[in-house]
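Each chain is listed here by its residues.
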Amino acid sequence: MTVRIGQAGLGEWGKNLARNFADLADLAWLSDPAAGKAEEFSGRYPQARWADTFEEMLADESLNAVVVATPVPTHYELAKQALEAGKHVFVEKPPAMKGSEIDELVSIAEERDLVLMPGHLLLYHPGVLKLKELVDGGELGDVLMVYGNRQNLGVIRKHENALWSLGVHDLSVILYLLDEDPVEAVALGQSLLKTGVEDVVFCYLRFPSGKIAHMHLSWLDPHKMRKMTVVGTEKMAVFDDMELDRKVTVYEKSPWKPVDTYGEWQTRTGDIHIPKIPTDEPLKLECRAFLSLVDGEGDRRQVARDGARVVRALDMLTTSLDGG
Ligand SMILES: NC(=O)c1ccc[n+]([C@@H]2O[C@H](COP(=O)([O-])OP(=O)(O)OC[C@H]3O[C@@H](n4cnc5c(N)ncnc54)[C@H](O)[C@@H]3O)[C@@H](O)[C@H]2O)c1
């Protein structure tokens with residue numbers, strides 16, 4: 001089936017989504033109130049109709065799905081309106097700013113059997129899928145901890161802090177790899193440039209199994225890092241998105257308790273392995289996954305529940321960051 005899609009929000013990121021959905025589906029409606037967008041995007045996608053309001057787009061009964069790529073504070077309201085109008089929804093990350101809001105969206109989607117897919121791009125990255133395969137296949141042994149580094153100089157945000165702007169990516173990966181909800185979530189951060197917007201945030205998460213996770217999030221850093229490290233009892237693996245041809249590296253490094261040391265821990269090191277990772281564009285894979293779910297393939301409830309888990313953990317971290 002060719003899915004008819006309407007997209008709200010054609011900013012820096014939204015234009016990438018529109019490019020992919022125009023390739024893979026019938027991009028039937030576009031909408032963005034900012035000056036100049038109608039001229040620019042109607043020229044680029046002449047087959048798509050321009051909606052002056054979101055409601056105008058939703059009123060088209062032949063529209064199957066809506067893509068929401070607007071600023072974060074608008075996500076919950078727009079996604080809710082679209083679901084209530086009976087449309088499948090792809091909503092950029094994070095889909096809502098409160099646990100109670102995402103729970104409401106998930107229950108509307110489930111009641112109506114609609115797809116509600118949050119845009120957790122990294123969950124479609126072949127490097128992250130390889131990490132998941134290593135974790136689930138037991139190659140790393142038991143996972144002890146996972147930590148993410150997402151640092152760079154810029155982009156300095158005015159409204160969202162580093163936790164909401166950067167942390168949402170790493171958090172989605174950590175929860176996907178561990179498949180558990182944290183029992184403890186602590187965040188410490190500092191607003192160094194603009195009051196109320198933390199430029200650097202350090203997070204600590206503890207899970208029921210005893211596994212732990214950490215995230216260093218900052219846009220005031222000399223290093224450009226997009227890295228996730230998984231430490232297991234047998235091996236350790238690193239996903240480094242700044243690398244071109246060694247996105248994932250597996251280290252035969254681990255703690256070790258030889259029988260003749262009477263219970264003392266030692267360490268062992270062995271080979272370093274670099275698995276081949278496909279170079280498919282994660283965004284294209286993500287858009288395809290959404291269209292497949294709309295088309296009735298796979299478990300359409302799971303993506304919404306995974307998204308809800310991320311928002312709930314963000315909510316816990318925000319409470320901690322705010323001193324709660
Ligand atoms: N998955 C990723 O890797 C990734 C990367 C960057 C941004 N994002 C997400 O994408 C979203 C958009 O980010 P961006 O960088 O494109 O922001 P942006 O500010 O460049 O663009 C947002 C656009 O939405 C428009 N808009 C606002 N309200 C609207 C409404 N009611 N209807 C239609 N359009 C509306 C604005 O006019 C603007 O053009 C954010 O949620 C962000 O978190 C995701």
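Details of the structure are given in the entry above.
Residues numbered from 1 in each chain as written. Predicted model: local features only at pLDDT ≥ 70, side-chain atom pairs only at ≥ 80, totals over all residues. Heavy atoms only, no water.

**A short note on the overall build of the protein**
Helix and strand counts for the protein come out as nine helices and 14 strands. The C-alpha radius of gyration of the protein comes to 21 Å, within 12% of the 20 Å expected for a compact globule of 324 residues. Its C-alpha atoms put the protein at 75 × 45 × 40 Å along the principal axes. Per-residue burial over the protein gives 52% buried out of 324 residues. Considering only residue pairs separated by 6 or more positions, the protein has 64% of its internal contacts joining residues 24 or more positions apart. Surface summary for the protein: the accessible area is close to 15200 Å², and the carbon and sulfur share equals 51%. The protein carries 36 positive and 51 negative side-chain charges, and their two centres are separated by 3 Å. (Helix = DSSP H or I, 4+ residues; strand = E, 2+ residues; numbered from the N terminus. Rg over C-alpha atoms; globule rule 2.2 N^0.38 Å. Buried < 20%, exposed > 50% of the residue type's maximum accessible area, 1.4 Å probe, protein only. Contact = heavy atoms within 4.5 Å. Areas by Shrake-Rupley, 256 points an atom, 1.4 Å probe, with all protein chains shown as cover. Lys, Arg positive; Asp, Glu negative; His and termini not counted. Charge placed at Lys NZ, Arg CZ, Asp CG, Glu CD.)

**Quick notes on the nonpolar core**
Membership of the largest hydrophobic core comes to 71 residues, with the highest contact counts inside it found for I5, F21, L163, L171, F290 and L317. The dominant element in this core, judged by the number of residues it contributes, is helix α7 (residues 162–178), at 11 residues. When sequence neighbours within four positions are dropped, the list of residues in contact with L317 reads L163, L171, A185, V186, A187, C203, Y204, L205 and M215. Membership of the second largest hydrophobic core comes to 28 residues, among which are W29, A51, V66 and V311. (Core = buried A, V, L, I, M, F, W, Y, C linked by side-chain atoms within 4.5 Å.)

**Looking at the site of the ligand**
Every one of the 22 residues lining the ligand counts as a neighbour, but E12, W13, D32, H75 and K93 are closest to it. In this structure, G9 approaches the ligand through a main-chain N or O atom, which is 3.3 Å from a nitrogen atom. In the environment of the ligand, an oxygen atom lies 2.6 Å from a nitrogen or oxygen atom belonging to the side chain of D32. Calculation on the ligand without its partners gives an accessible area of 860 Å², and the protein chains cover 76% of this total. (Near = heavy atom within 4 Å. Polar contact = N/O pair within 3.5 Å; in protein donor to acceptor, adjacent residues only side chain to side chain.)

**Details of the sheet that holds strand β9 (residues 200–206)**
By way of backbone hydrogen bonds, the strands of a sheet pair with one another, either parallel or antiparallel. Ordered in space as β8-β9-β10-β7-β11-β12-β13-β14, the eight strands form an open sheet in which the pairing is mixed. Bordering the open sheet on either side are β8 (184–190) and β14 (266–273), each of which pairs with just one other strand. On average, each strand axis in the sheet is tilted by 15° relative to the strand beside it, whichever way the strands run. Summarising the sheet, strand β11 (residues 220–232) and strand β12 (residues 236–240) pair through five bridges and their orientation is antiparallel. Paired with T229 across the strands is V238, a residue of β12. The strands touched by α7 within the sheet are β7 (143–153), β9, β10 (212–218) and β11, with β10 carrying the most contacts at an inclination of about 155°. Packing against the sheet, helix α9 (residues 300–321) makes contact with β8, β9 and β10, and its axis sits at approximately 50° to β8. (Pairing = 2+ DSSP bridges. Axes fitted to C-alpha atoms, helices over the stretch in contact; angles between N-to-C directions.)

**Some remarks on a nonpolar patch on the surface**
Nonpolar side chains collect at one region of the surface, where V186, L188, F202 and Y204 lie side by side and expose about 350 Å² of accessible area between them. Elements represented by at least two residues in the nonpolar patch include exactly β8 and β9. Here F202 shows up in strand β9. Judged by relative accessible area, which is 39%, F202 ranks as partly exposed. (Patch = residues over 30% accessible without salt bridge, like charges linked within 9 Å, V, L, I, M, F, W, Y side chains within 5 Å. Salt bridge = Lys/Arg side-chain N within 4 Å of Asp/Glu carboxyl O.)

**Some points on the packing of aromatic side chains**
For the structure shown, the criterion picks out three aromatic pairs. Measuring from ring centre to ring centre gives 6.1 Å for F21 and F90, while their planes differ by 70°; the resulting arrangement is edge-to-face. Taken together, the residues F21 in helix α1 (residues 14–24) and F90 in strand β5 (residues 88–92) connect sequence positions 69 residues apart. Look at F21 and you get buried, because its relative accessible area is 0%. Arranged with centres 6.1 Å apart and planes meeting at 80°, the rings of F21 and F290 form a pair that is edge-to-face. Separated by 269 residues along the polypeptide, F21 in helix α1 and F290 in helix α8 (residues 282–294) bring together distant segments of the chain. Site record: aromatic cluster; members linked through ring pairs are F21, F90 and F290. (Phe/Tyr/Trp six-rings, centres within 6.5 Å; stacked < 30°, edge-to-face > 60°.)

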